[in-house]
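Structural overview
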Amino acid sequence: MEIKKVGIIGCGQMGSGIAQVSAVAGYSVISREIEDAFWQKGFARIEKSLAKFVEKGKLTAAQKEEAMGRLIGTTKMTDLADCDLVIEAVIENADEKVKMFKEADKTCKPETIFASNTSSLPIGDIAAHTSRPQQFCGLHFFNPVPLMKLVEVVRTISTDDATYQAAKGFAESVGKVVVTAKDSPGFIVNLLLVPYLLDAVRAFEAGLASREDIDTGMKLGCGHPMGPLTLLDFIGLDTIYYIAEIFFDEFKDGRYASPPLLKRMVNAGLLGKKSGRGFYDYSA
Ligand code: 3HC
């Protein structure tokens, strides 16, 4: 299965990052959003990120332009019809993802492989709504996609070998290290990461230490690049809240229950870096 053309549904933080690394690796990329303004915003983010790589001498100005030239934005799912691989990176909501894949299933050629970038939803449950569960897998990238080296490739009980190999080969071809996981909520990384982040919120809520000291403790005590509250702001509090709800629903285990403070912050629109305020203030 040779992959040449990649369709990406959703051009937010994750979708634009996946579009970027795919275009840099030489793939033709079609990015589908619900409004032109959304993919345009995503492409502006890609341009800025590529400019950083040029500034650092990791890419030439010509390579940047070539990569930008491989990107096409659209609002029509039908434009993804002849893609060899379609990766979905929309909001972490099962109904929304199923809706996207049902539309893509109608329009894409029979050979097209489908992959979800879901961080927490069972992929087999989404795949079951399409006519091609055997050609369906998970490709879970990490934020920020252009910098983070890992991709989790997720095989469902229906994923066939050819699809798994093609998806793994694709992730490696965009410069990522692949780990393979079963189709269990959170796969490897989020299953371990999310309870840690929720515990950090609980510790802060209980008044254990200041936000800065919790972050400094984990940065300098464990060698993490970011403390947990900074990382929560970076990922988005709403995203972690949705993931925690999905885990709790699946495992019925208190470790995954959302701390009240997280819920209050999400309901108040304090979503982290993207909204200008979370555990820290980014308005300046
Ligand atoms: N494109 C290009 N360059 C970028 C960039 C991007 N998208 N983002 C940051 N950079 C550059 C910065 O501009 C900076 O350049 P400079 O050295 O010239 O100033 C350089 O990369 C390093 O960035 P920073 O100085 O801001 O900070 P760090 O050295 O801490 O590196 C980081 C940034 C790689 C994000 C690092 O802090 C890190 O690894 N943080 C943890 C991230 C993490 O854990 N991500 C996973 C989240 S979980 C997830 O995604 C799963 C999901 O399902 C929830």
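Residues numbered from 1 in each chain as written. Predicted model: local features only at pLDDT ≥ 70, side-chain atom pairs only at ≥ 80, totals over all residues. Heavy atoms only, no water.

1. Details of the pairing of strand 2 (residues 28-32)
The element strand 2 is largely enclosed, with a buried count of four among its five residues. Summarising the sheet, strand 1 (residues 5-9) and strand 2 pair through five bridges and their orientation is parallel. Following the sheet pairing, lysine 5 is matched in strand 2 by serine 28. In this view, the connection linking strand 1 to its parallel neighbour strand 2 by way of helix 1 (residues 13-24) has right-handed handedness. As paired strands, strand 2 and strand 3 (residues 71-74) are joined by four bridges and run parallel to one another. Of the residues in strand 3, the one forming a bridge with arginine 32 is threonine 74. (Buried < 20%, exposed > 50% of the residue type's maximum accessible area, 1.4 Å probe, protein only. Helix = DSSP H or I, 4+ residues; strand = E, 2+ residues; numbered from the N terminus. Pairing = 2+ DSSP bridges. Right-handed = clockwise from strand over helix to strand, strands pointing away.)

2. Here's the deal with the pattern of salt bridges
Per the counting criterion, the structure on display carries 15 salt bridges. For the salt bridge of arginine 255 with aspartate 253, the shortest nitrogen-to-oxygen distance reads 3.4 Å. Connected via shared salt-bridge partners are Glu47, Lys64 and Glu65. (Salt bridge = Lys/Arg side-chain N within 4 Å of Asp/Glu carboxyl O.)

3. What to know about the domain arrangement of the protein
For the protein, the assigned domains read domain 1 (5-182) and domain 2 (190-273). On a C-alpha basis, the centroid separation for the pair domain 1 and domain 2 is 26 Å. Contact residues are listed per partner, giving nine residues for domain 1 and eight residues for domain 2. Roughly 700 Å² is buried in total at the junction of domain 1 and domain 2, and carbon and sulfur atoms are behind 65% of that figure. Joining domain 1 to domain 2, the criterion identifies zero salt bridges. At the junction of domain 1 and domain 2, the tally comes to one residue pair in polar contact (both at pLDDT 80 or more). Here the residues of the side of domain 1 that touches domain 2 are counted per class, giving four nonpolar, four polar and one charged. (Domains from an automatic or database assignment. Contact = heavy atoms within 4.5 Å. Buried area = accessible area lost by both parts, 1.4 Å probe. Polar contact = N/O pair within 3.5 Å; in protein donor to acceptor, adjacent residues only side chain to side chain. Nonpolar A, V, L, I, M, F, W, Y, C, P; charged D, E, K, R; others polar.)

4. Considering the nonpolar core
In this structure, Val6, Leu71, Leu85, Ile87, Leu139, Phe141 and Phe170 are the most contacted members of the largest nonpolar core, which totals 37 residues. Here phenylalanine 170 is in contact with Ile3, Val6, Ser22, Tyr27, Leu85, Ile87, Leu139 and Phe141, once residues within four sequence places are set aside. Residues Leu232, Leu262, Phe279 and Tyr280 belong to the second largest nonpolar core, which totals 25 residues. (Core = buried A, V, L, I, M, F, W, Y, C linked by side-chain atoms within 4.5 Å.)

5. With respect to the packing of helix 9 (residues 228-235) against helix 10 (residues 237-251)
As a packed pair, helix 9 and helix 10 sit with axes 5 Å apart at the nearest point and diverge in direction by 95°. Comparing the axis directions of helix 9 and helix 10 gives the class roughly perpendicular. Facing helix 9, whose interface residues are Leu232, Asp233 and Ile235, helix 10 presents Leu237, Thr239 and Ile240. Here the contact of helix 9 with helix 10 is composed, by residue class, of four nonpolar, one polar and one charged. (Axes fitted to C-alpha atoms, helices over the stretch in contact; angles between N-to-C directions. Parallel < 35°, antiparallel > 145°, perpendicular 65-115°, else oblique.)

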